[in-house]
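Below are the chains, spelled out letter by letter.
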Amino acid sequence: MVLLERTRRRPWPPSLVVGTGLFAVILLVLLVTPWVIPFDPAAQDLDNRLAPADGTHLFGTDHLGRDVLSRLLDGGRFSVSIAATTLAISAVTGTLVGIVCARRGGWLDELVTRMCDVLLAFPEIIVAMFLVAILGTNYLTLILALVITGWTPFARLARGVTLEIEARDFVEAARTLGCGRWFIVFRHILPNALGPLLAHAALRFGHKLITVGALSYLGLGVQPPDADWGSMLAAAQPYLTRDPGLVLYPGLAIFLTALSVTLIGQGINVRRNRRA
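Residues numbered from 1 in each chain as written. Predicted model: local features only at pLDDT ≥ 70, side-chain atom pairs only at ≥ 80, totals over all residues. Heavy atoms only, no water.

J.: Looking at this structure, I do not really get the packing of helix 5 (residues 106-120) against helix 7 (residues 139-166). What am I missing?
T.: Geometrically, a packed helix pair is captured by the angle between its two axes and the distance between the axes. Between helix 5 and helix 7, whose axes approach to 9 Å, the crossing angle comes to 130 degrees. Taken together, the axes of helix 5 and helix 7 are oblique relative to one another. Relative to helix 7, helix 5 is oriented so that their crossing is left-handed. Facing Asp-109, Val-112, Thr-113, Met-115, Cys-116, Asp-117, Leu-119 and Leu-120 of helix 5, the residues of helix 7 in contact are Ile-148, Trp-151, Thr-152, Pro-153, Ala-155, Arg-156 and Arg-159. A breakdown of the residues in the contact of helix 5 with helix 7 according to their chemical character gives nine nonpolar, two polar and four charged. (Axes fitted to C-alpha atoms, helices over the stretch in contact; angles between N-to-C directions. Helix = DSSP H or I, 4+ residues; strand = E, 2+ residues; numbered from the N terminus. Parallel < 35°, antiparallel > 145°, perpendicular 65-115°, else oblique. Left-handed = near helix turned anticlockwise from the far one by under 90°. Contact = heavy atoms within 4.5 Å. Nonpolar A, V, L, I, M, F, W, Y, C, P; charged D, E, K, R; others polar.)

This is the structure in structure tokens:
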């Protein structure tokens, strides 16, 4: 009865429900893409360029006669996977660095904090453009460029949350009982820091996705014949007045995906604040 009453009093925030549902649909579509994709996304048909939507090509074709729907689905797998990969590496790296700095303190904490301040002073996309231009354009370079700046917000958040948790009574009690340093980290600090870190990761995913799209739009991301949503926007720009759908479809895909995960992050924050 008590559990039922708590559930009724604290329903999931609407933003969390909507965001989770929308992102689940997008993720499911991208996961089944290899089995449902209607055409080869790189196959050109120059006799059928800029064809309108019909029963064969549901979203029409682009300036090289390639099926827009197939490229949209295939490009989404690249965009979302790169954003998710860079976010996961950044989150894990930043969280570990932040926790270690908070617990050790001293010169290491000061050095890492100043390093974070320097990296955060520059926009992420500018740093990524600089590194990609120097190291060359490939998937590994793109991921590396986004991770180099992406770990800093997680490090600052993890450091602050760790310092806050370490001041609580249950951590002091664990130290008094002789619990080891790593036992305290994995038993007390990480579980209590997980909520803020997950919410921040969800909010950062949309930023990563837009950054990946922007780099591809500028020609510094995914290279032909592969496609992602950013490169599709760049290729479609000269044909905006003739076929607005070429810009609308990838732009809407980026918007809905970023929106869904941002709603998830906001919902996690609302739910966490309700429990506080």
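J.: Quick question: what am I supposed to make of the nonpolar core here?
T.: Within soluble globular proteins, side chains that are nonpolar generally end up buried alongside one another. Counting 37 residues, the largest nonpolar core has Phe-154, Ile-165, Ile-189, Phe-205, Trp-229 and Met-232 as its most contacted members. Elements that contribute at least two residues to this core include exactly helix 2 (14-31), helix 4 (68-104), helix 7, helix 8 (169-176), helix 9 (181-217), helix 10 (229-236) and helix 11 (245-275). A per-element tally of this core places helix 9 first, with nine residues. Other than its neighbours up to four places away in sequence, Trp-229 contacts Leu-72, Gly-75, Gly-76, Ser-79, Val-80, Leu-209, Pro-250, Ala-253, Ile-254 and Thr-257. Ranked by size, the runner-up nonpolar core spans 12 residues in total, among them Ala-128, Val-132, Leu-142 and Val-222. (Core = buried A, V, L, I, M, F, W, Y, C linked by side-chain atoms within 4.5 Å. Buried < 20%, exposed > 50% of the residue type's maximum accessible area, 1.4 Å probe, protein only.)

J.: Would you mind showing me how to read the environment of Val-127 here?
T.: As for its placement among the helices and strands, Val-127 is situated in helix 6 (residues 124-135). Linking Val-127 and Ala-145, residues 18 residues apart in sequence, is a C-alpha distance of 7.2 Å. Beyond its immediate stretch of four places on either side in the chain, Val-127 contacts Phe-122 and Thr-149.

J.: So what exactly am I meant to see when it comes to the pattern of salt bridges here?
T.: Close approach of charged atoms allows side chains with opposite charge to pair. Counting across every chain of the model gives nine salt bridges. For the salt bridge of Arg-71 with Asp-62, the shortest nitrogen-to-oxygen distance reads 3.8 Å. Looking at Arg-71, the relative accessible area reads 8%, which means it is buried. When the shortest N-O distance is used, the salt bridge between Arg-204 and Glu-124 registers 3.6 Å. Of this pair, Arg-204 sits in helix 9 while Glu-124 sits in helix 6; the two residues are 80 residues apart in sequence, bridging distant segments of the chain. Here Arg-204 and Glu-124 have matching classes, each one buried. Three or more residues are tied together by salt bridges with common partners; here these are Glu-110, Arg-114, Asp-117 and Arg-156. (Salt bridge = Lys/Arg side-chain N within 4 Å of Asp/Glu carboxyl O.)

J.: Looking at this structure, I do not really get the side chain of Thr-86. What am I missing?
T.: Positionally, Thr-86 belongs in helix 4. Among the polar contacts made by the side chain of Thr-86, one reaches the main-chain carbonyl oxygen of Ala-83 at a distance of 3.0 Å. The contact partners of Thr-86, leaving out residues within four places of it in the chain, are Ile-143, Leu-146, Val-147 and Lys-208. (Polar contact = N/O pair within 3.5 Å; in protein donor to acceptor, adjacent residues only side chain to side chain.)

J.: When you look at unusual backbone geometry in this model, what are you seeing that I'm missing?
T.: Leaving glycine aside, a negative phi is the common case for residues, and trans is the common case for peptide bonds. Notably, Leu-50 is not glycine yet its phi reads approximately 50 degrees, a positive angle. Mapping Leu-50 onto the fold places it in the loop between helix 3 (33-36) and helix 4. With relative accessibility at 13%, the residue Leu-50 sits in the buried group.

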